[in-house]
Amino acid sequence: MKVPISWLEDFVDLPADIDALALNLTALGIKVDSIRRGGQGLEKVVVGEVLGIEEHSRSDRGLVVVRVTDGDRELQIVCGARNFSVGDRVPVALSGAVLPGLPGAVIGRKPVAGIDSEGMICDAMELGLAEARDGGIHLLPSGSPVGADIREVLGLDEVIFELDITPNRPDAMSFIGVAREVSVLTGGEVRLPDTSLPASGASGSGSVAVTLEDPSGCPRYQARVISGVEIGPSPPEVQRRLSAAGVRPISNVVDATNFALLICGHPMHAFDLDEVGGGEIVVRRARVKETLVTLDEQERRLDPEDLLIADTSRALALAGVMGGLDSEVSQRTKRVVIEIAYFDPPTILRTAKRHGLRTEASARFERGVDPNGIDFAGDLAARFVLEWAGGEMDPGSVDVYPDPILPARIELRPERANLVLGTDLTKQQMTEALAKLDLGPTDDGSSIVVEAPTRRPDLEVEEDLIEEVARVWGYDRIERKLPSGTDRVGGLTREQKLIRNVRWILRGAGLTEAYTSSFISSSDLERMGYPDAHPSAAAIPLVNPITQDEALLRPSLIPRLMAAVAGNVARRRLTVRLFEVGHCFRRSGSILPEEPLRLGIVMHGPLPRTWHGETRELDFYDLKGVVELIVHSLGAGIPSFEMAEEAMLHPTRAAGVSANGRYLGWMGELSPDIADTFDLPDRPLAAEIDLDALFEVAHDTIEVNEPPKFPSVLLDLAVTVPEEMASEEVVRLARENGGELLRAAGIFDVYRGEQTGEGRKSIALGLEFRSKDRTLTDSEALEAREAIASAIRDRLGGEVRG
C-alpha cells in the first residue's frame, strides 16, 4: 500500500525524521517495505499531448503510430495501447529515461516493426504506480501543462511509504488506520475528515430498493442516491493524490469513491442508477450458467457460489471484487447509487481466487472491513461526489442490516499478560497502552475490559490484547529471559525418533529422500492400474482443489514417487532410488479420514558401472535387502516374506512383508504394463511399509553383542522339498531347530532339474554354528545340522541330498 506523506499529514502530525518514523512503524507491526523519494527514475518523463494516431502499416500486432509533442518538438512513437485520443495528455518517456517499472532498460530511439520510435508512452506499471499492467496508457489530467515534469503533475516529487500490511490488520489498510498507528508513536491526535452533508431532495427509500437474498454473504448493505451529477474529471489535486497513491484517476464520481476508500479503508462502488433494472438492488448468489462482463471487459462465467450485486433481471457486479461494464458510471450518467457494504470475507476471497481477480476492493473485503464504519465511509464518499460532481443527495440512505455485528468483549488479566510476555508491567501501563490504540479500556477490578471495535477483527481473545500491549510497549524493551524451572525440557517423541532412524538408515543405504505433494490427480491413480476394489483406488476428493492435478488426497505414496522416477528417467537419470516418509489418507467411519504413516520406496535402473565388474539392473533382491535392513535395524527382528497378490505387481516377483507376526506391507516389481505407462526402460521396483505397524513391533533399544571370541563352523545343507513349499518356511524351520549354537541360516542356491524329481526343488542352506564359551567340535556342529535336517524331513516332507 502506497501512503504519500503529505496526504498522511492531513490526519496526524508527523515527526521531522521520516526515516526514524519508518523504522518505528515497522517495529510497531506496520512494516515499511521501502521509502520512495522524489519520483526516482522519472527524471526524463514529461507531459505530452497527442497530436495524431495512425495504424502501423507494417505490423500485424495492432500497433499504432502516435504523434505527440513535449512542448518543444514533435515526436513519433510506436505504441501498443489504444485507450487515448487526439488531444489527450499522456506521460512520455524521452530518450535516456530509465523507468521504475522497467529496471535496466534505457529508453531511446529504435525501430519497431520497421518504423522509428522516439520514446515511450507509459502505463501505470512502467511509471511505478502499479504492480501490474492495467490494460492501457496512464492518462493525465486534461489541464496538465505540456512539457511539465511528470513528477510534479502526479505528485511523485514527495516521500511515499510502501507498506506491507499483514492479513490480520485490515484496519491499517487506510490513511486513518496508519494515522492511528503513528499517533501511538508520537502521542498526537488523529484528525478525521469532515463528513457533514447537505440535506435535500426526496426520501432515500423512494429512489432505490435493496433486497438481501443472502444475508450470510452480505450482512449489511447500504445505498445512497445522488441525482443531477455532471461527470467529468476530478480536481487536479485529487488526481495528483490518487496517482501518488497508485490509483488511476477515472472520473469525478469514481475518484470520489476511491478517494474515500484510501482514507477510511472501506471499498465502495458507484452504479449508474438508470442502468439498475426496476430500481432495485438484489444481493444474491449467481445462477447456473450466468455470465457477467466486468469492468476489465472480460466476460466471466459465474459460479453458483459467487456473490453478486444484481437488479431484478441481471447481474451488475461481482460483489466486493469488481463492477460490471453495463452499469458503470459513464459520461451520460445523471443519477448514481453509491454502494457501501460489508461482505463475508471468505466469500470474497474464494470469488476473487476463482476468477483470478485481485483488486483494491477485494484485498480489503477478504480481510474484513468495519461493518459499523459504513455510515462514516458513505458520508465521506457522498461529500466528495457532491463537491466534485454536483447534484443533490436523497436524505438518509437505504440501509439493510438485519443482524448487527457487535463489538467483542475481551478481558485482559495483567498477571497473565506479564507471564506470557516475561514483563513486570503494571495494570496502569497496560491500560495506557490499550488507550493509545483507541480501544477504550476500562478497569474491572482484577482485569482490564476492552470492547474491541469492529474495525479490528483480529481482536478476539485475551492473547490478542497481550500482543497489542507488547506492540505498544515495544518488543525491543522486553528483557530476554530463559524460562525458569526444569519441567519444561523438551525432546523428541518415540515416533519422531524412529522416523529419524528410518531416514538415517535409508540415506546410509544410498537412497535419496523425496518430498511429494499430499494431493494427487485421478490420472496418477489410473497410471498405477489399481482395480476398482483396491483400497488405493478410493481416494478422497478435495472440496476446493487448487488445480485438477491436485484434486485428491493421496491414498498411497507410490503414485507420486513413480512420477518422480519417470521425471528423472525422462532427463536421462536412469538410476533412481527414492524413499518418502509421509501420511496417506483413507476413508473412515467418521468425518475425518484415517492418516496412516507410510514409508514408500521406489527403485529403477542399472547399478553404476565400475572398472572391476559389469553393471546390472536393480532387481527384487536389491529392494528386499533394503526392506530387511529397515526392519532389522529398528529391532523388529528378521522380517518374513510371503507370496502376495497385488494387482499392480509382477505375479511372481511380489511379496508381503511381516515381522513378529505383524503384517507390515508389500514389496515387489511393478508390472510391465505400469512400466510402459510411465515409459520406463527398466523394471521398476516399489515397496510400501506401514510405519505405524512397524513401530509397534520395533524395539527402542537394540541389543548389541560383543565380537565372538571363538571361531564359527560353516556347514551346508541341501534338501529337496515340494515345489509349492515356500523357501521362507525352510529357513524358518532351520532357525527354530538349530538350537543355541546356530548363529545364521540363509539360502545360497535353489536348483530344479532331473536330480530333484518332478514337482520338487532343491534348496541349499548355508549354516553358521558358534559357541559363546568354547571352540565347537565338528561333531557338535554336525549334530546340530542333523537336528535341522530331521525337522525338515518330518515336518516338510523334505529329503537331504548327499
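So, how was this worked out
- Residues numbered from 1 in each chain as written.
- Predicted model: local features only at pLDDT ≥ 70, side-chain atom pairs only at ≥ 80, totals over all residues.
- Heavy atoms only, no water.
- Helix = DSSP H or I, 4+ residues; strand = E, 2+ residues; numbered from the N terminus.
- Rg over C-alpha atoms; globule rule 2.2 N^0.38 Å.
- Buried < 20%, exposed > 50% of the residue type's maximum accessible area, 1.4 Å probe, protein only.
- Contact = heavy atoms within 4.5 Å.
- Pairing = 2+ DSSP bridges.
- Phe/Tyr/Trp six-rings, centres within 6.5 Å; stacked < 30°, edge-to-face > 60°.
- Lys NZ or Arg CZ within 6 Å of the ring centre and 35° of its normal.
- Axes fitted to C-alpha atoms, helices over the stretch in contact; angles between N-to-C directions.
- Parallel < 35°, antiparallel > 145°, perpendicular 65-115°, else oblique.
- Left-handed = near helix turned anticlockwise from the far one by under 90°.
- Expected span 1.5 Å × (residues − 1).
- Disulfide = S-S within 2.5 Å.

Caption draft 1: Highlighting the overall build of the protein. Counting its secondary structure elements, the protein contains 21 helices and 39 strands. Scaling as 2.2 N^0.38, a compact globule of 802 residues should have a C-alpha radius of gyration of about 28 Å, whereas the protein reaches 38 Å, well beyond that. C-alpha atoms of the protein, sized along the principal axes, occupy 120 × 80 × 55 Å. Relative to its full complement of 802 residues, the protein shows a buried share of 50%. For the protein, the share of sequence-separated contacts (at least 6 apart) that also reach a separation of at least 24 residues comes to 70%.

Caption draft 2: Main features of the pairing of strand β17 (residues 307-310). Going residue by residue along β17, you find L307 and I309 tucked away on one face and L308 and A310 tucked away on the opposite face as well. Taken together, the four bridges between strand β14 (residues 280-285) and β17 define a ladder with antiparallel strand orientation. Its bridge partner being in β17, R285 is matched across the sheet by L307. By the bridge criterion, three bridges tie β17 to strand β18 (residues 315-318) in an arrangement that is antiparallel.

Caption draft 3: A look at the packing of aromatic side chains. Tallied over the full model, the rule gives seven aromatic pairs. Aromatic pair F620 and Y621: ring centres 5.3 Å apart, planes at 85°, arrangement edge-to-face. Looking at F620, the relative accessible area reads 15%, which means it is buried. Classification of Y621 by relative accessible area gives exposed; the value is 61%. Taken together through their ring pairs, the aromatic side chains of W7, F175, F259, F384 and W388 make up a single cluster. The ring centre of W473 lies 3.6 Å from the NZ or CZ of R477, which sits over that ring.

Caption draft 4: The sheet that holds strand β27 (residues 519-520), seen in detail. Here we have three strands laid out as an open sheet, ordered β27-β29-β28, and antiparallel in their pairing. Both edges of this open sheet fall to β27 and β28 (540-541), since each of them pairs with a single strand only. As paired elements, β27 and strand β29 (residues 552-553) share two bridges and run antiparallel to each other. If you follow F519 over to β29, its bridge partner there is L553.

Caption draft 5: Spotlight on the packing of helix α20 (residues 727-737) against helix α21 (residues 778-796). Viewed as axis vectors pointing N to C, α20 and α21 meet at an angle of 130°, and their least axial separation amounts to 9 Å. Taken as axis vectors, α20 and α21 run oblique relative to one another. For the crossing formed where α20 meets α21, the hand is right-handed. For the pair α20 and α21, the contacting residues are E729, V730, L733, A734, E736 and N737 in the first and A787, I788, A791, I792, R795 and L796 in the second.

Caption draft 6: Just helix α16 (residues 558-570), in detail. Relative to the 18 Å expected for 13 residues at 1.5 Å per residue, α16 spans 18 Å between its end C-alpha atoms, a close match to the ideal helical length. Along α16, the positions that sit buried rather than exposed are I558, P559, R560, L561, M562, V565, A566 and V569. Tucked inside the fold, the buried residues of α16 contact β27, α15 (522-528), β30 (576-583), β31 (597-604), β34 (662-670) and β35 (685-690). Looking one or two residues beyond α16, the residue adopting positive phi is R572, at roughly 70°.

Caption draft 7: A look at the state of the cysteines. Within the structure shown, the criterion is met by zero disulfides. Of all cysteine sulfurs in the structure, the one in C264 sits closest to C218, which takes part in no disulfide; the separation is 17 Å. By relative accessible area, C218 is classed as buried at 0%.

Caption draft 8: Main features of the sheet that holds strand β2 (residues 31-37). Taking strand neighbours across the sheet as the criterion, the three strands line up as β1-β10-β2 in an open arrangement whose pairing is antiparallel. Edge positions in the open sheet fall to β1 (2-4) and β2, since each of these has one partner strand only. Strand-to-strand twist in this sheet, taken as the mean axis angle between neighbours without regard to direction, amounts to 25°. As judged from the six bridges shared by β2 and strand β10 (residues 159-164), these two strands associate in the antiparallel manner. The residue bridging R37 from the neighbouring strand is V159, located in β10.

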